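# Breakdown of the fold
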Amino acid sequence: MHISLFAFDFSGSGRSEGNYISLGWHERDDLKVVIEFLRNTGRVSAVGLWGRSMGAVTALMHADRDPSIAGIVLDSPFTDLKALCYDIAKTETKIPQFLIAGMVQLLRSSIKKRAQFDILNINPIENVHR
């Protein structure tokens, strides 16, 4: 059995250029480019994905739109970014719920403006259906 491993840093992470991470939203496009590169080498037949945390979310969100992915291994993905924000704020702070909601909306607006994505669209659980 011949197996190759290809590891990379998403844009904005590790040694890659970029100003922002998007917790899977734009990273799924990075993953698409990597998979296309590997397939174009002619040396790769099946592609499986392994991701941890944001990488797991990215793998899940990409595999949903690429039916040729042979399999995925997901280590600790979150299911819904908004719910995660609320859960962390609730368990780690004593901030009232109505203030948390306002803070999430401020963050959402800022992220939309700076990084061109909506944090409310990062719901990896919605990508689990096959």
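Structural data are supplied above this passage.
Because the structure is predicted, anything quoted here is derived from the model rather than measured. Throughout, a residue's number is its position along its own chain's written sequence, starting from 1. It should be noted that, the model being predicted, local features are given only for residues of pLDDT at least 70 and side-chain atom pairs only at 80 or more, the latter also being counted only at that level, while totals for whole chains, interfaces and linings use all residues. Working from all heavy atoms in the structure, the side-chain values ignore hydrogens and water.

On to the overall build of the chain, then. Here a strand is any run of E in DSSP of at least two residues, a helix any run of H or I of at least four, and the numbering for each starts at the N terminus. Within the chain, the secondary structure is distributed over four helices and two strands. Each helix (α) and strand (β) of the chain, taken in turn from the N terminus, gives the series α-β-α-β-α-α. Its C-alpha atoms give the chain principal-axis dimensions of roughly 55 × 30 × 20 Å. Residue burial is assigned from relative accessible area. The probe radius is 1.4 Å, only protein chains are included, and a residue is buried under 20% of its type maximum, exposed over 50%, and partly exposed in between. Counting every position in the chain, which comprises 130 residues, the buried fraction comes to 31%. Residues are treated as being in contact if the distance between any of their heavy atoms lies within 4.5 Å. Excluding contacts between residues fewer than 6 apart, the proportion of contacts in the chain whose partners are at least 24 apart in sequence is 56%. Accessibility throughout is a Shrake-Rupley quantity obtained with a 1.4 Å probe, and a residue counts as covered only by protein chains that appear here. Carbon and sulfur atoms form 55% of the exposed surface of the chain, whose accessible area is close to 9,000 Å². In the chain, which carries 15 positive and 14 negative side-chain charges, the distance between the mean positions of the two groups comes to 3 Å. For the purpose of charge, His is not counted, nor are the chain termini; Lys and Arg are scored as positive and Asp and Glu as negative. A charged residue contributes its charge at one atom only: NZ of Lys, CZ of Arg, CG of Asp or CD of Glu.

Side-chain alternation along strand β1 (residues 47–52) places Val47, Leu49 and Gly51 on a buried face and Gly48, Trp50 and Arg52 on a face that remains uncovered. Of the crossover connections in this fold, the one passing from β1 over helix α2 (residues 54–63) to the parallel strand β2 (residues 69–75) is right-handed. Here is how to tell: hold the view so the strands point away, follow the path from the first strand over the helix to the second, and if it runs clockwise the crossover is right-handed.

Estimated volume of the largest pocket: approximately 960 Å³. Taken together, 31 residues line the largest pocket, and the ones lying closest to its centre are Ser4, Leu5, Phe6, Leu38 and Gly48. At the level of secondary structure, the elements contributing two or more residues to the lining of the largest pocket comprise α1 (27–40), β1, α2 and β2. Broken down by element, the lining of the largest pocket gets its largest block of residues, six residues, from β1. Space inside and on the surface of the protein is sampled on a 1 Å grid over the protein atoms alone, with a cavity defined as a set of points where a 1.4 Å probe fits but cannot get out and a pocket as an open set with protein on both sides within 12 Å along at least 5 of 7 lines; lining residues have an atom within 4 Å of a point. Grid points are joined across faces, edges and corners, and a volume is the space filled by probe spheres set on the points.

Between the rings of Phe, Tyr and Trp (Trp by its six-membered ring), a pair exists once the centres lie within 6.5 Å; its type follows the angle of the planes, with under 30 degrees stacked, over 60 edge-to-face, and the other angles tilted. Scanning the model with the defined rule gives three aromatic pairs in all. Centroid distance Phe6 to Phe37: 6.5 Å. Interplanar angle 45°. Geometry classified as tilted. In this pair, Phe6 is assigned in the segment before α1 and Phe37 in helix α1, connecting sequence segments 31 residues apart. Under the relative-accessibility criterion, Phe6 is labelled partly exposed at 42%. When the centroid spacing of 5.0 Å and the interplanar angle of 80° are considered together, the rings of Phe8 and Phe10 count as edge-to-face. Classification of Phe8 by relative accessible area gives partly exposed; the value is 29%.

The next point concerns helix α4 (residues 97–115). Multiplying 1.5 Å by the helix residue count minus one yields the expected span of that helix. Taking 1.5 Å of rise per residue, the 19 residues of α4 would be expected to cover 27 Å, and the 26 Å separating its terminal C-alpha atoms lies within 8% of that figure. When we look at burial in α4, the residues that qualify are Ile100, Val104, Arg108 and Ala115. The arc that holds the buried residues of α4, viewed along the axis, is 80°, so those residues lie on one side. Exposed residues on α4 whose side chains face more than 90 degrees from its buried face are Phe98, Leu106, Lys113 and Arg114. In this structure, the buried residues of α4 make contact with α3 (81–92). Phi for Gln116, located one or two positions after α4, is positive at around 55°. Working note: the arc is built from the helix axis to C-beta atom directions.

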